[in-house]
Structures are given as C-alpha cells and as structure tokens.
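# Report on the structure
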Amino acid sequence: LLTCLGSSSATGQQASEEYAKEFKQLYQQLGRDYAHFEIKNIDWEAVGDELLPRAASLKSQNDFILLCMELVAKLEDSHAYVMKGTAEMPSVPFPRWDPGFACLLDKDGKAIVYYVDKRSPAAKAGMEVGMVVTSINSQTTNELIAAKCKETQKYFGYSSEQYLKYHIAQQLARQMERGTEVQVTTIDLAGEKHEFKVPAIL
C-alpha cells in the first residue's frame, strides 16, 4: 500500500480544516481497504480515537505529513508507507551519526558486533567483530533496543518485531549530533570486559 500526498495552498483556519478533512479520508480509506486488521489484532477504531482529534489542530504541511506517517505506521506493515507526492517529505528526527560499528542479535537477543569500519573511531579504539555489546552510554542494550523500537514504530511500520529489532541493532550506537562521544561496554570472545569511548562521526 503506497499513500501519496499532495500539498495544500490554503492557509490558516482553512488549511487546518483541509488537513483534518484529508486525514480523516485517509483514515477511512485505510479502514476500508487494508485486509489484515484481524490477523494483526489491530483495533482501527482505537487508532482513530487516538489520532483523528490531533488532525483538527494541524497548522503546517509538515505536521500533516508526519501525522499521516504515524497513521500508516499503525498498520504494522513494512510494505505500507507514505511516499513523496507533490509535497516534500519532512525529515523525521532520527539519529544519523555513527562511531563505525554495527550489530546483529543472536538467538538469545545479545547484540553481537558483526561489522567494524576499518577507518572508523570504533576500529581505532580496538572494537572487534564478535564482541558482545552489553551497554551504550550506561544503558543496557535491551533497554536501548526497546526505546529505539518505540521511537521508530511511531513513524514506520514493521511486519514483525524481529525485523524491527534487526534494523535497530545495526544502528544501535547512532547519535543525533555529529561528534557525540559514545561510551560502549563489550565482552570479547574470551569473556573479558572492555570499555570504549568513541565519537559518532560517520
């Protein structure tokens, strides 16, 4: 399901009313056309109760598009997303700066380093493939993954929790601002604990 958005030329109260009208139409169309509410146990009426009132106070095109993204994310479907129409897509405030390593989750949910960029601060600090990341900035990896899943699910739908966590683990140490120091605690293959302080610059 692809949802395309145009841009409104209205302003002020007229624009707010138009945003609310278009948002309600999108909500109703998804309610009619989407086929997997029962399979996924999604209460679409409850989604409307949560989001439709917010549409009445929209002031800008960016806020309108972000609310549409929240709505489509409620479908919990990796194939359902808002794509660019005649309006530019707003930038979703997610961390983008990385210290140069990525993780995968093993069968027990542990974050295992599977890639280290050879030119990165992580490599220069001595991080290696196979290390288990136990915490980042004093937050356990389980806590961090849970928090990042919640943030990501606000705007992007995923068909399964496993698929969502796969992407989160790859970007586990990303930061909002370039140069932010990231404190990473790991355990190596021999069971030895290591502490790293690496800037997120990539």
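Structure shown above.
The structure displayed is predicted, hence computed values, not measured ones.

The subject of this paragraph is the overall build of the chain. A tally of regular secondary structure across the chain gives 7 helices and 8 strands. Expressed as a percentage of the 202 residues in the chain, the buried residues total 41%. In the chain, once contacts between residues fewer than 6 apart in sequence are set aside, the share between residues at least 24 apart is 59%. Here the chain carries 22 positive and 27 negative side-chain charges, and the mean point of each set is 4 Å from the other.

A few words now on the state of the cysteines. By the definition in use, this model includes 0 disulfides. As a non-bridged cysteine, Cys 149 has Cys 103 as the owner of its nearest cysteine sulfur, 14 Å distant.

Take the packing of aromatic side chains next. Following the criterion strictly, the structure yields 7 aromatic pairs and no others. Where Tyr 19 meets Phe 64, the ring centres are 5.1 Å apart and the plane angle is 20°; that geometry is what we call stacked. Residue Tyr 19 is located in helix 1 (residues 12-33), and its partner Phe 64 is located in helix 4 (residues 61-73); the two are separated by 45 residues in the primary sequence. One exposure class covers both Tyr 19 and Phe 64, and it is buried. Ring plane angle 40° and centroid distance 4.9 Å describe the contact between Phe 37 and Trp 44, whose orientation is recorded as tilted.

Now for unusual backbone geometry. Positive phi values are uncommon outside glycine, yet Asn 137 reaches one of about 50°. Turning to its location among the elements, Asn 137 is positioned in the loop between strand 5 (132-136) and strand 6 (139-140). For Asn 137, a relative accessible area of 35% corresponds to the partly exposed category. Non-glycine residue Ser 138 carries a positive phi angle of around 70°. With respect to the helices and strands, Ser 138 occurs in the loop between strand 5 and strand 6.

Time to look at the side chain of Thr 141. Here Thr 141 is to be found in helix 6 (residues 141-153). Sequence-distant contacts of Thr 141, defined by excluding residues within four places in its chain, comprise Ala 111, Val 133, Thr 134, Ser 135 and Leu 172.

What follows is about the packing of helix 3 (residues 44-55) against helix 4. Orientation of helix 3 relative to helix 4, taken along the N-to-C sense of each, is 175°, at an axis distance of 11 Å. The orientation of helix 3 with respect to helix 4, classified from their angle, is roughly antiparallel. Counting all contacts with helix 3, which are made through Trp 44, Val 47, Leu 51, Arg 54 and Ala 55, the residues of helix 4 involved are Leu 67, Glu 70 and Leu 71. Split by residue class, the contact of helix 3 with helix 4 holds 6 nonpolar, no polar and 2 charged.

Among the secondary structure elements, Thr 185 is positioned in strand 7 (residues 181-187). Apart from residues no more than four positions distant in its own chain, Thr 185 is found in contact with Val 132, Val 133, Thr 134, Ser 135, Lys 193, His 194 and Glu 195.

Attention now moves to the nonpolar core. Core analysis: the biggest nonpolar cluster contains 28 residues, and Phe 23, Leu 30, Trp 44, Phe 64, Met 69, Leu 71 and Leu 75 have the highest contact counts within it. Mapped by element, the contributors of at least two residues to this core are helix 1, helix 3 and helix 4. Looking at this core, the element that brings in the most residues is helix 4, giving 8 residues. Judged by nonpolar contacts, the second largest core, of 25 residues, contains Cys 103, Ala 122, Cys 149 and Phe 196.

Before going further, it helps to examine the pattern of salt bridges. Using the criterion set out here, one finds 9 salt bridges in the structure. A salt bridge links Asp 77 to Lys 40; the nearest nitrogen and oxygen atoms lie 3.7 Å apart. Of this pair, Asp 77 sits in the loop between helix 4 and strand 2 (81-83) while Lys 40 sits in helix 2 (residues 37-40), placing them 37 residues apart in sequence. When its relative accessible area of 23% is taken as the criterion, Lys 40 is described as partly exposed. Taking the shortest distance from any N to any O, the salt bridge between Lys 165 and Glu 161 comes out at 3.2 Å. Placement of both Lys 165 and Glu 161 in helix 7 (residues 161-170) is noted, with a separation of 4 residues, approximately one turn of the helix. A relative accessible area of 29% places Lys 165 in the partly exposed class.

About the thresholds
Every chain's residues receive numbers from 1 upward, in the order its sequence appears when written. The predicted origin of the model limits local features to residues at a pLDDT of at least 70 and limits the giving and counting of side-chain atom pairs to 80 or more, whereas totals for whole chains, interfaces and linings rest on all residues. Each side-chain value is worked out from all heavy atoms of the structure, with water and hydrogens disregarded. Going along the chain from the N terminus, every DSSP run of H or I of four or more residues is numbered as a helix, and every run of E of two or more is numbered as a strand. For each residue, the accessible area found with a 1.4 Å probe, counting protein chains only, is set against the maximum for its type, and the residue is called buried under 20%, exposed over 50%, and partly exposed in between. Pairs of residues are marked as contacts when any of their non-hydrogen atoms sit within 4.5 Å. Only four residue types enter the charge count: Lys and Arg as positive, Asp and Glu as negative, with His and the chain ends excluded. Think of each charge as sitting on NZ of Lys, CZ of Arg, CG of Asp or CD of Glu. Disulfides are defined in this document as cysteine sulfur pairs within 2.5 Å. Classification of ring pairs rests on two measures: the distance between centres of Phe, Tyr or Trp rings, Trp counted by its six-membered ring, which must be within 6.5 Å, and the angle between planes, read as stacked under 30 degrees, edge-to-face over 60 and tilted in between. Lines fitted to C-alpha atoms define the axes, with helix axes restricted to the stretch in contact, and inter-axis angles between N-to-C directions lie between 0 and 180 degrees. An angle counts as roughly parallel when it lies under 35 degrees, as roughly antiparallel when it exceeds 145, as roughly perpendicular when it falls between 65 and 115, and as oblique in every other case. In this count, Pro and Cys sit with the nonpolar residues alongside Ala, Val, Leu, Ile, Met, Phe, Trp and Tyr, while Asp, Glu, Lys and Arg are called charged and the others, Gly among them, polar. Nonpolar cores are built from buried Ala, Val, Leu, Ile, Met, Phe, Trp, Tyr and Cys residues. Side-chain atoms within 4.5 Å join them into one set. One side-chain nitrogen of Lys or Arg within 4 Å of one carboxyl oxygen of Asp or Glu is enough to make a salt bridge.

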